[in-house]
Amino acid sequence: AAPVQVQLVVPIAVVFGPGSVPGDLPRPLPFRDVQEMEISVNLRTSVTSHYEMLYRSTTAQEEAALAAATAREADAALHPLQDATLGSLTMYVVPETSSLLPQGINVYVGKHRSALVRAGGSLAALQAQLREVTQVMSFTASSIAAALSDRVPDGQLSPNARRYLKSSLGYEITFSLLNPDPKSHTVDWDIEGAVNRYVKPVLDKLSLVANFSVDSQILYYAVLGVTPRYDKESSSFLLSAHSLPHVINPVEARLGSSAASLYPVLNFLLYVPERSHSPLYIQDKDGAPVSTNAFHSPRWGGIMVYNVEAPASPQASLPLHVDVDVARVMEVFLAQLRLLFGLSREELSPEFLLESPGNEGLADWELDHLLWAHTVENIATVSTTLTSLAQLLDKIGNIVIKDDVASEVYRAVASVQSAVAKLAMGHLHSAFQASKEAVTSSERAFFDPSLLHLLYFPDDQKFAIYIPLFLPMAVPILLSLAKIVRETRQRKKEPTKMD
């Protein structure tokens, strides 16, 4: 892999409320301090993170906001007073006795870019706590390793790293309703209303990361590739965890080709089982029923099974009319969408309390979390693309590189350098934009039509094409050359006649 050296700088304000200043501060407030963390990837890829901490006391307005009754109210009141720059964090330190944080909770992470932290007595204890919060809210070693998964040795990757979607300039989301038994069920879903109400707010927030397009379809007679097992005890049908991978392939054949798409496609499928296999439940590895009755496939999407209530009277006329409860379905699909983007909230200690992001689907700091990872991934991708292109062009001696290809390469290099410089200044937003421009330029150069046909035109192929053309012409030329040579020799041998 091409060498990549990146320095990630996170600007953090640590704001001490009244009665929360540790007794062992090295010098009076305000003062600055830098903490470093090395993220080991491989020998040629180094990522260093710098947490630039500014320690200061609260302003009068912040003090008034911290006097709120609950952490949620304090978070809302503090939001307008904060530095809203992407990638920056504000930590408000509250006294140990503060009633803002519930019992047993030492850290409250709000839905913007700030957290409330209970003072821990000493500065060292507070800094250890702050380091943990900062990594949750910006990036952890594992989230950066997942972004650079192509460069990390296999054994060092967390199992989740391959689950996340690769960084892309856009994504296509397809919602599909599968009705394998239209004779028994007429299924209606208000997908447009559901997308506007539940999905759009999330995608509006994510629009900073990439472009999204959403479409939906209803497929009839599309069945799962696995026959579920009948369970007498519960008189229901079961799909076990080990058979789930085999469910996707036959269904995918019906979904419409994602090969025609420029961008990665995320598939969310709602499956209404046929009457002969109802009700249908999904089991996990231990054989327990999955509460959501859904499962997801890394980098592909998710499937949810939606069971229909059996009619009360056996004489009920078929097909049954089914109205899908879209709120329940969208809750599952949005949780799967977060998983695919690596925004799941799982590995946290019990003393952390994370505010739910509400209708927006993700908090501001979670958006930053994505931007950090995607910026690093884009920089690595561009350096690999340009290195491959240079090696490839080196092998082809007589290649002509057009000016516009050269200018795309220069633009990609300049954009990558700009992205690295902006990261080192702590400007996450402009670094991400520069990394996106670099990806666009490097791919334009790599896939330029003027280069493509030359890349597949090696020397032996040239001989194979030209020899059959030139051979018929060369034969008479060579024969006449031989004749001329023969005649010249003859002439030299014959003595010249003297008159």
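Residues numbered from 1 in each chain as written. Predicted model: local features only at pLDDT ≥ 70, side-chain atom pairs only at ≥ 80, totals over all residues. Heavy atoms only, no water.

Under the annotation held in an unreviewed UniProt entry, the protein chain carries the name PIGS transamidase and is attributed to Menura novaehollandiae. Its UniProt record gives the protein chain the following Subcellular location (unreviewed entry) comment, quoted word for word: "Endoplasmic reticulum membrane". Quoted straight from UniProt, the Sequence similarities (unreviewed entry) entry for the protein chain says "Belongs to the PIGS family." (UniProt positions renumbered as here; feature names shortened; annotations may be inferred.)

Q: Describe the UniProt feature "transmembrane region" (unreviewed entry) in the protein chain, with residues and values.
A: Taken from the UniProt record, the annotation "transmembrane region" (unreviewed entry) applies to residues 463–485. Helix and strand shares over residues 463–485 are 100% and 0% respectively, and the end C-alpha atoms of the span are 28 Å apart. (Helix = DSSP H or I, 4+ residues; strand = E, 2+ residues; numbered from the N terminus.)

Q: Outline the environment of Leu29, supporting the account with residue identities and numerical values.
A: Relative to the helices and strands, Leu29 resides in the loop between strand S1 (4–16) and strand S2 (31–42). Relative accessible area serves as the criterion here: at 24%, Leu29 is assigned to the partly exposed category. Each C-alpha atom of the pair Leu29 and Ser57 lies 7.0 Å from the other, and the pair is 28 residues apart in sequence. (Buried < 20%, exposed > 50% of the residue type's maximum accessible area, 1.4 Å probe, protein only.)

Q: Could you give me a rundown of the pairing of strand S4 (residues 89–94), with the residues and numbers involved?
A: Most of S4 sits inside the fold, with 6 of its 6 residues counted as buried. Here S4 shows a buried face lined by Leu89, Met91 and Val93 and a second buried face lined by Thr90, Tyr92 and Val94. Where S1 and S4 come together, 5 bridges link them in parallel fashion. Each residue of the ladder has a partner; that of Phe16, found in S4, is Val93. (Pairing = 2+ DSSP bridges.)

Q: Explain the packing of helix H8 (residues 364–395) against helix H10 (residues 428–446) residue by residue, including any values.
A: One can describe the packing of H8 onto H10 by two numbers: an axis separation of 9 Å at closest approach and a directional angle of 30°. Classed by the angle they form, the pair H8 and H10 counts as roughly parallel. At the point where H8 passes H10, the crossing takes the left-handed sense. Judged by residue contacts, Asp368, Leu371, Trp372, His374, Thr375, Asn378, Ile379, Val382, Thr385, Leu386, Ser388 and Leu389 of H8 engage Leu428, Ala431, Phe432, Ser435, Lys436, Ala438, Val439, Ser442, Ala445 and Phe446 from H10. Residue composition of the contact of H8 with H10, grouped by class: 13 nonpolar, 7 polar and 2 charged. (Axes fitted to C-alpha atoms, helices over the stretch in contact; angles between N-to-C directions. Parallel < 35°, antiparallel > 145°, perpendicular 65-115°, else oblique. Left-handed = near helix turned anticlockwise from the far one by under 90°. Contact = heavy atoms within 4.5 Å. Nonpolar A, V, L, I, M, F, W, Y, C, P; charged D, E, K, R; others polar.)

Q: Can you lay out the environment of Tyr281 for me, pointing to particular residues and giving the numbers?
A: Tracing the backbone shows Tyr281 in strand S13 (residues 280–282). Each C-alpha atom, one on Tyr281 and one on Val199, is 26 Å from the other, the two residues being 82 residues apart in sequence. Setting aside anything within four residues of it in sequence, one finds Tyr281 in contact with Ser236, Phe237, Leu238, Leu239, Asn293 and Asn307.

Q: I'd like a rundown of a nonpolar patch on the surface, residues and numbers included.
A: Side chains of Ile465, Tyr466, Leu469, Phe470, Met473, Ile477, Leu478 and Leu481 sit close together on the surface and give an oily, nonpolar patch of about 830 Å² of accessible area. Tracing the backbone shows Tyr466 in helix H12 (residues 459–493). (Patch = residues over 30% accessible without salt bridge, like charges linked within 9 Å, V, L, I, M, F, W, Y side chains within 5 Å. Areas by Shrake-Rupley, 256 points an atom, 1.4 Å probe, with all protein chains shown as cover. Salt bridge = Lys/Arg side-chain N within 4 Å of Asp/Glu carboxyl O.)

Q: Now, about the sheet that holds strand S9 (residues 211–220): what can you tell me, with residues and values included?
A: Strand order in the open sheet formed by 5 strands is S9-S7-S12-S15-S14, with mixed pairing between adjacent strands. The open sheet has two edge strands with one neighbour each: S9 and strand S14 (294–297). Shown here is a sheet whose adjacent strand axes are inclined to one another by a mean of 15°, direction ignored. The pairing of strand S7 (residues 170–179) with strand S12 (residues 265–271) spans 7 bridges and is parallel.

Q: Talk me through the pattern of salt bridges; I want residue IDs and the actual numbers.
A: Taken as a whole and judged by the stated rule, the model has 11 salt bridges. Two residues, Asp364 and Lys205, come together in a salt bridge whose shortest N-O distance is 2.8 Å. With Asp364 in helix H8 and Lys205 in helix H5 (residues 191–206), this residue pair connects regions lying 159 residues apart in the sequence. The salt bridge involving Arg411 is made with Glu408; its shortest N-O contact spans 3.2 Å. Taken together, the residues span about one helical turn, with Arg411 and Glu408 both in helix H9 (residues 403–425) at a distance of 3 residues. Overall, Arg411 belongs to the partly exposed group, its relative accessible area being 41%. Judged by its relative accessible area of 12%, Glu408 falls in the buried class. Through salt bridges with shared partners, a single network forms among Arg113, Lys205, Glu360, Asp364 and Asp368.

Q: Could you give an account of the pairing of strand S3 (residues 45–57), naming the residues involved and the relevant values?
A: Relative to S3, S1 runs parallel, the two sharing 13 bridges. Bridging from a neighbouring strand, Val14 pairs with Tyr55 of S3. Examined bridge by bridge, S2 and S3 share 11 bridges and lie antiparallel to one another. Following the sheet pairing, Ser40 is matched in S3 by Ser46. Between S2 and S3, which pair antiparallel and follow one another directly, the connecting turn spans 2 residues.

Q: How would you sum up the sheet that holds S13? Please name residues and give values.
A: Ordered by their spatial adjacency, 3 strands build an open sheet running S10-S11-S13, and the pairing between neighbours is mixed. Strand pairing shows two members of the sheet lacking a second neighbour, strand S10 (229–231) and S13, which therefore form its edges. Direction aside, the axes of adjacent strands within the sheet are offset by 40° on average.

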